[in-house]
Amino acid sequence: MYDAANLRKLPALKGLAPEAMGAFEALDKAALADGAIPRKYKELMALAVALTTQCPYCLEVHREAAKKAGATEQELAETVFVAVALRAGAALTHGTHLLP
């Protein structure tokens, strides 16, 4: 089902629902803009979330954006393990639901 070519369909989606897509684009731009947290760190956070949600589109978009914002290969690698730790921690803590 995943095909990077699907990203080229976003303009068509915007044409069909311009207000909704415009609102999403404005939110996305504001959320990822430099602020108290620099854009590079926001993109690394976005990558950690994308790794957790396993969205291949988000992984590609935010990997490129993180690199453009100055993220190094080492920072990308460490981001992977932040996501790994959170996924493992979630499994661990949800495991407590199995106990009496």
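Residues numbered from 1 in each chain as written. Predicted model: local features only at pLDDT ≥ 70, side-chain atom pairs only at ≥ 80, totals over all residues. Heavy atoms only, no water.

- As recorded by an unreviewed UniProt entry, the protein carries the name Alkylhydroperoxidase and is attributed to Methylobacterium platani.

1. Thoughts on the pattern of salt bridges
Phase 1 of the analysis: Evaluation of the coordinates by the stated rule reveals five salt bridges.
Phase 2 of the analysis: Its salt-bridge partner being Arg63, residue Glu60 comes within 3.0 Å of it at the nearest N-O pair. Remark: Arg63 and Glu60 occur in helix 4 (residues 56–68); sequence separation between them is three residues, near one turn of the helix.
Phase 3 of the analysis: The salt bridge partner of Arg63 is Glu64, with a shortest N-O separation of 2.9 Å.
Phase 4 of the analysis: What you see here is one network of salt bridges that share partners, running through Glu60, Arg63 and Glu64. (Salt bridge = Lys/Arg side-chain N within 4 Å of Asp/Glu carboxyl O. Helix = DSSP H or I, 4+ residues; strand = E, 2+ residues; numbered from the N terminus.)

2. What to know about the environment of Gly15
Phase 1 of the analysis: You can see Gly15 is positioned in helix 1 (residues 10–16).
Phase 2 of the analysis: Considered as a pair, Gly15 and Glu78 are 63 residues apart in the sequence and their alpha carbons are 38 Å apart.

3. Things to note about helix 5 (residues 73–95)
Residue pairs three or four apart in sequence face the same way in an α-helix, which turns once every 3.6 residues.
Phase 1 of the analysis: Taking 1.5 Å as the rise per residue, helix 5 with 23 residues should run 33 Å; its terminal C-alpha atoms sit 33 Å apart, in good agreement.
Phase 2 of the analysis: Among all positions in helix 5, only Leu76, Thr79 and Ala83 are buried.
Phase 3 of the analysis: Buried-residue contacts for helix 5 involve helix 3 (39–53) and helix 4. (Expected span 1.5 Å × (residues − 1). Buried < 20%, exposed > 50% of the residue type's maximum accessible area, 1.4 Å probe, protein only. Contact = heavy atoms within 4.5 Å.)

4. Section: helix 4
Phase 1 of the analysis: Over its 13 residues, helix 4 extends 18 Å from the first C-alpha to the last, a length consistent with the 18 Å expected when each residue adds 1.5 Å.
Phase 2 of the analysis: Within the sequence span of helix 4, burial applies to His62, Ala65 and Ala66. Viewed end-on, helix 4 has its buried residues packed into an arc of 100°, placing them on one side of the element.
Phase 3 of the analysis: Tucked inside the fold, the buried residues of helix 4 contact helix 2 (18–32), helix 3 and helix 5.
Phase 4 of the analysis: Positive backbone phi, at 105°, marks Gly70, one or two positions downstream of helix 4. (Arc of directions from axis to C-beta.)

5. Brief notes about the UniProt feature "domain: Carboxymuconolactone decarboxylase-like" (unreviewed entry) in the protein
Phase 1 of the analysis: The UniProt feature table records "domain: Carboxymuconolactone decarboxylase-like" (unreviewed entry) at residues 18–96.
Phase 2 of the analysis: End-to-end, the C-alpha atoms of residues 18–96 are 45 Å apart, and along that stretch the chain is 84% helix and 0% strand. (UniProt positions renumbered as here; feature names shortened; annotations may be inferred.)

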